[in-house]
Amino acid sequence: MSVERTLSIIKPDGVKKSVVGNILNRFETAGLKIKAMKMVHLSKREVEGFYAVHADKGFFDELTTFMSSGPVVISVLEGENAIAKNRELMGATDPKKADPGTIRADYSDYVGENTVHGSDAPETAATEIAYFFAVTELVN
Ligand code: ATP
Ligand code: MG
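Cut-offs applied
Residues numbered from 1 in each chain as written. Chains lettered and ligands numbered in written order. Predicted model: local features only at pLDDT ≥ 70, side-chain atom pairs only at ≥ 80, totals over all residues. Heavy atoms only, no water. Core = buried A, V, L, I, M, F, W, Y, C linked by side-chain atoms within 4.5 Å. Buried < 20%, exposed > 50% of the residue type's maximum accessible area, 1.4 Å probe, protein only. Helix = DSSP H or I, 4+ residues; strand = E, 2+ residues; numbered from the N terminus. Contact = heavy atoms within 4.5 Å. Near = heavy atom within 4 Å. Polar contact = N/O pair within 3.5 Å; in protein donor to acceptor, adjacent residues only side chain to side chain. Areas by Shrake-Rupley, 256 points an atom, 1.4 Å probe, with all protein chains shown as cover. Salt bridge = Lys/Arg side-chain N within 4 Å of Asp/Glu carboxyl O. Pairing = 2+ DSSP bridges. Axes fitted to C-alpha atoms, helices over the stretch in contact; angles between N-to-C directions.

> Which parts of the structure should I look at to understand the nonpolar core?
The nonpolar side chains of a soluble globular protein tend to be buried, and buried together. Counting residues in hydrophobic clusters, the biggest one holds 18 residues, and the most contacted among them are Leu7, Ile9, Ile74, Phe132 and Phe133. Those elements that provide at least two residues to this core are strand E1 (3–10), helix H3 (44–50), helix H4 (60–67), strand E3 (72–80) and helix H7 (122–132). Of the residues forming this core, the biggest block, four residues, is contributed by H4. Not counting residues up to four positions away in its chain, the partners in contact with Ile74 are Leu7, Ser8, Ile9, Ala36, Met37, Lys38, Val40, Leu42, Phe132 and Phe133. One finds Val19, Phe27, Leu77 and Val116 within the second-largest nonpolar core, a separate group that totals 15 residues.

> Can you help me understand the site of ligand 1 in this one?
As a structural note, the neighbourhood of ligand 1 is formed by 14 residues, with Lys11, Tyr51, Thr93, Asn114 and His117 the closest of them. Residue Lys11 places a side-chain N or O atom 2.9 Å away from an oxygen atom belonging to ligand 1. Contacts to ligand 1 include Tyr51, whose side-chain N or O atom sits 2.9 Å from an oxygen atom. Within the complex, the protein chains bury 79% of what would otherwise be the 570 Å² of accessible surface of ligand 1. Counting only elements with at least two residues in the shell around ligand 1, the list comes to helix H5 (82–90) and strand E4 (116–118).

> Quick question: what am I supposed to make of the pattern of salt bridges here?
Should their charged atoms come close, side chains of opposite charge can pair. Tallying each qualifying case throughout the model produces seven salt bridges. Notably, a salt bridge pairs Glu78 with Lys35, separated by 3.8 Å at the nearest N-O pair. Here Glu78 is found in strand E3, whereas its partner Lys35 is found in strand E2 (residues 33–40), with 43 residues between them in sequence. On the basis of relative accessible area, Lys35 is assigned to the partly exposed category, the value being 24%. If you follow the salt bridges from partner to partner, you end up with Arg5, Lys35 and Glu78 in one network.

> Sorry if this is basic, but what is going on with the sheet that holds E4 here?
Sheet strands pair via backbone hydrogen bonds, and the direction of the pair is either parallel or antiparallel. Here we have four strands laid out as an open sheet, ordered E2-E3-E1-E4, and antiparallel in their pairing. At either end of the open sheet lies a strand with only one pairing partner, and these are E2 and E4. For this sheet, the mean angle separating the axes of adjacent strands, direction not counted, is 20°. Lying on the sheet, H7 is in contact with E1, E2, E3 and E4; it crosses E1 at an angle near 55°.

> Just to check I follow, could you spell out the side chain of Ser75 for this structure?
In this fold, Ser75 is placed in strand E3. Discounting residues that sit within four places of it in the chain, Ser75 has contacts with Thr6, Leu7, Ser8, Ile34, Ala36, Met37 and Phe133.

Below, the structure written as structure tokens:
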């Protein structure tokens, strides 16, 4: 077990459905501390940079259009095994396959609008956190 940081995004569908508070409550109840947080409306270019790893996928345009369609809530979560813990709370990418009681099972309509993002490994967490937060926003 080790203390990790992970990047969470509550996607535009989660903000539109007014489940931001509910989702943040799930993180905190699971022992994840919110170390930094902001609500922003990302541009398509900013989203394309964030999801660059998926640039060759057929769903890239759909994904980047959706992610820039409205405000999102971006946070840095910290705790024991934060990366895996957050992904457990999120559930599978496709909400139809997500375990009952997970965020995606409870709130997501389909794979293209699946309510939350979470980093998938320590290296990607570090890159993703640095993409959105300055070192000076993470001192506390
Ligand atoms: P995220 O990176 O958003 O946390 P994930 O790690 O569970 O999700 P990835 O494989 O990284 O899933 O895919 C990134 C995002 O691309 C998914 O969250 C989803 O919104 C979108 N996506 C993935 N597969 C599809 C698909 N077949 N059709 C439409 N969108 C998809
Ligand atoms: Mg991913």
